[in-house]
Amino acid sequence: MPELSHRRRMLVLAICCMSLLIVSLDNTVLNVALPSMQRELHASLSGLQWTIDAYTLVLASLLMLSGSTADRIGRRRVFKTGLVIFTLGSALCSVAPNLQTLVIFRMMQAIGGSMLNPVAMSIITNTFTDPKERARAIGVWGGVVGLSMAAGPLIGGLLVDSVGWRSIFWVNLPIGVAALILTWKFVPESRAGKARRPDPVGQLLVIGVLAGVTSTIIEVPSAGWTSPLILALICLAVLCLVALLVYEPRRPEPLIDLRFFRSAPFSGATAIAVCAFAALGGFLFVNTLYLQEVRNLSALHAGLYLLPMAAMTGICAPLSGRVVGSRGPRPSLIIAGVGMTVSGVLFAVLDAEAHTPLLLLGYVLFGFGFGWVNAPITNTAVSGMPRSQAGVAAAVASTSRQIGSTLGVAVLGAVLAGGVAASSGHGKAPASYIHDFTDAARPAWWILTACGLAVLVLGIVTSGDWARRSAQRAAARFEQDAPPASAAAGTGSSRAL
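What counts, and where the lines are drawn
Counting from 1, residues in each chain are numbered in the order their sequence is written. Local features are withheld for residues below a pLDDT of 70 in this predicted model, meaning they are given only at 70 or higher, and side-chain atom pairs are given and counted only at 80 or more; totals for whole chains, interfaces and linings count all residues. Hydrogens and water molecules were not included; the side-chain quantities draw on all heavy atoms of the structure. Each helix is a run of DSSP H or I of at least 4 residues and each strand a run of E of at least 2, with the numbering of both proceeding from the N terminus. Summary of the burial criterion: residues with accessible area below 20% of their type's maximum are buried, those above 50% are exposed, and those between are partly exposed, where the area comes from a 1.4 Å probe applied to protein chains only. Contact between two residues is taken to exist if any of their heavy atoms lie within 4.5 Å; hydrogens are not considered. Interaxial angle, 0 to 180 degrees, is taken between N-to-C directions of lines fitted to C-alpha atoms, where a helix line uses only the stretch in contact. Here a crossing is taken to be left-handed if its near helix is turned anticlockwise relative to the far helix by less than a right angle, and right-handed if that turn runs clockwise. For patches, a residue must show more than 30% relative accessible area and have no salt bridge; joins then use 9 Å for like charges and 5 Å for nonpolar side chains, namely Val, Leu, Ile, Met, Phe, Trp and Tyr. A 1.4 Å probe and the Shrake-Rupley method give the accessible areas. Residues count as covered only by the protein chains that appear here. Basic side-chain nitrogens of Lys or Arg form a salt bridge, by our definition, when they fall within 4 Å of a carboxyl oxygen of Asp or Glu. Between 30 and 60 degrees the pair is tilted, below 30 it is stacked and above 60 it is edge-to-face, where a pair is any two Phe, Tyr or Trp rings, Trp via its six-membered ring, whose centres lie within 6.5 Å. For every residue, the predictor assigns a confidence score, pLDDT, that lies between 0 and 100. For a helix, the expected span equals 1.5 Å multiplied by the number of residues minus one. Two axes enter the bend calculation: one fitted to the seven residues ending at the residue in question, the other to the seven starting there, and the bend is the angle between them.

Topic: the overall build of the chain
Looking only at helices and strands, one finds 18 helices and 0 strands in the chain. Out of the 497 residues belonging to the chain, those deemed buried represent 59%. Within the chain, residue pairs in contact and separated by at least 24 positions form 85% of the contacts whose partners lie at least 6 positions apart.

Quick notes on the packing of helix α10 (residues 264-294) against helix α12 (residues 330-350)
Axis separation between α10 and α12 bottoms out at 12 Å; the angle between their running directions is 35°. The interaxial crossing formed by α10 with α12 has left-handed handedness. Between α10, through Ile272, Ala276, Ala279, Phe283 and Asn287, and α12, the contact on the second element is made entirely by Leu333, Met340, Ser343 and Phe347.

Some remarks on the side chain of Thr270
Summarising the element assignment, Thr270 is placed in helix α10. The buried category is assigned to Thr270, whose relative accessible area is 13%. Once residues lying within four places of it in the same chain are set aside, the contact partners of Thr270 are Phe261, Val396 and Ser400.

Side note on a nonpolar patch on the surface
A contiguous nonpolar surface patch, about 550 Å² in accessible area, is contributed by Trp225, Leu231, Ile234, Val238, Val242 and Val246. Within the secondary structure layout, Ile234 lies in helix α9 (residues 228-247).

A short note on the pattern of salt bridges
As enumerated under the stated definition, the model contains 7 salt bridges in all. The shortest N-O distance in the salt bridge between Glu293 and Arg39 comes to 3.6 Å. Here the residue Glu293 occupies a position in helix α10, and Arg39 occupies one in helix α1 (residues 6-41), the gap between them amounting to 254 residues. According to the relative accessible area criterion, Glu293 is partly exposed, its value standing at 28%. For Asp199, the salt bridge identified is with Arg251, shortest N-O distance 3.4 Å. Taken as a pair, Asp199 in the loop between α7 (172-186) and α8 (200-223) and Arg251 in the loop between α9 and α10 lie far apart in primary sequence, 52 residues in all. In this structure Asp199 comes out as buried when scored by relative accessible area, which is 3%.

Examining the packing of aromatic side chains
All told, the structure shown has 10 aromatic pairs when counted by the stated rule. Ring geometry for Phe283 versus Tyr363: centroids 5.7 Å apart, planes at 75°, classification edge-to-face. Of this pair, Phe283 sits in helix α10 while Tyr363 sits in helix α13 (residues 356-371), and the two are 80 residues apart along the sequence. For the pair Phe283 and Tyr363, a shared accessibility class is recorded, and that class is buried. Taken together, the ring pairs connect Phe277, Phe283, Phe347, Tyr363, Phe366, Phe370 and Trp445 into an aromatic cluster.

Description of the confidence of the model for the chain
When the pLDDT values of the chain are averaged, the result is 82; 87% of them are 70 or greater. Segment residues 425-433 is flagged for pLDDT under 50; beyond a separation of four residues in sequence, or across chains, it makes 11 contacts in the model. Below a pLDDT of 50 lies the segment residues 484-497, which in the model reaches 24 contacts outside its immediate sequence neighbourhood of four places, other chains included.

Concerning α1
An ideal rise of 1.5 Å per residue puts 52 Å on 36 residues; α1 measures up with 49 Å between its terminal C-alpha atoms. Its axis deflected by about 55° at Ala33, α1 carries its strongest bend there, up to four residues before the proline Pro35. In terms of burial, α1 is largely enclosed, as 27 of its 36 residues are buried. Looking at the residues trailing α1, positive phi occurs at His42, about 55°.

Structure, rendered in structure tokens:
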């Protein structure tokens, strides 16, 4: 792709950030609306989990397919298609008559969303070729996540309290339409010199693994481990995982290229993404229910309580991008791991829910830690890989985020449901009392603490000299296996409109 002017590059970055905004804003707005949705649609706790996880499950399943498809047929083309589908799905969610149709329309949103974030990151990677400039652009990209966290609860709370929960999906419509028009006018087309062919078998196996694991975690509190449904889901996940590990290495162009994971920084970034976003997904899910169902706050007031966390994420994400650009990923990952771990300890050990000052301090620390984690994940995932594979590498990183978010909501929601059921068995109504909720949620906070500690340890281990040498070897292997330059030129990695 030809070098673009600075102004054009900034415009492309703004368009890509608009796509991230609507995808990220959708989930943060939805969390605040969960109690209202539960009352109107008569949903159970597992039903609320599915409104979030149906979206993230489909998103995680299709991200790698979207990334490789964009590399093959054109990133701008796939990006525009994703904007259309996501915007239409948002409109349908706003008129869903019941929980089942809402979940279906959320899955439609996810199909469109899978064509946005990884493809946008691939567009950014191919637009910003200078490593330091790219790191700063990724920092801005991460800052949009913080902006969505800050704006989401407030916008969602205001809309839910004034208009109703259905209006939260209207926010996506004008942004989606504007991003579509700007993409058509200003974003150049680009393709990989040699993109991989479709892998439908691998795609189905990935869906089987993720669906089996997520469904098991969500449904086991109500169905029990010996239920035929749970046993069938476990068998589905195990069989699909074994088949995936056997089948993919035999393909010349697999959906999941295991060569990526020969790079320790890339493998570390993938694992860190799962842990960090599992913590975020579970943290938002549990705290939203706590603030509205236990403290009886309105949706707007719950959003205001979460504002310190969101504000810290928005402040720290661009700073993290600059630090990654100048000093590498290790400082950001250490800060992120410490912040998230200390936040988890406040809730698990000191019962932060029962004391408002500690509660707000826990929110600030979690937002501070999470704000530092996104830039090093993204930069590490794409910086050591050939530009021709940028879409797939970014898709793997984005898939890891969505898998983490899916597992976070599923696991922490299931642990909370089990704790609530145990407390209720003693004749109490735990949702009515702060201390009962604290006891029920304590195991969830220990899981969150473990996620923060994993970010810290993995950040240290996978960002040293040994890790960098493994990344260099992996990149050299990619270059060795790449087609000759003359052959690559025939497919037009530099095509642009």
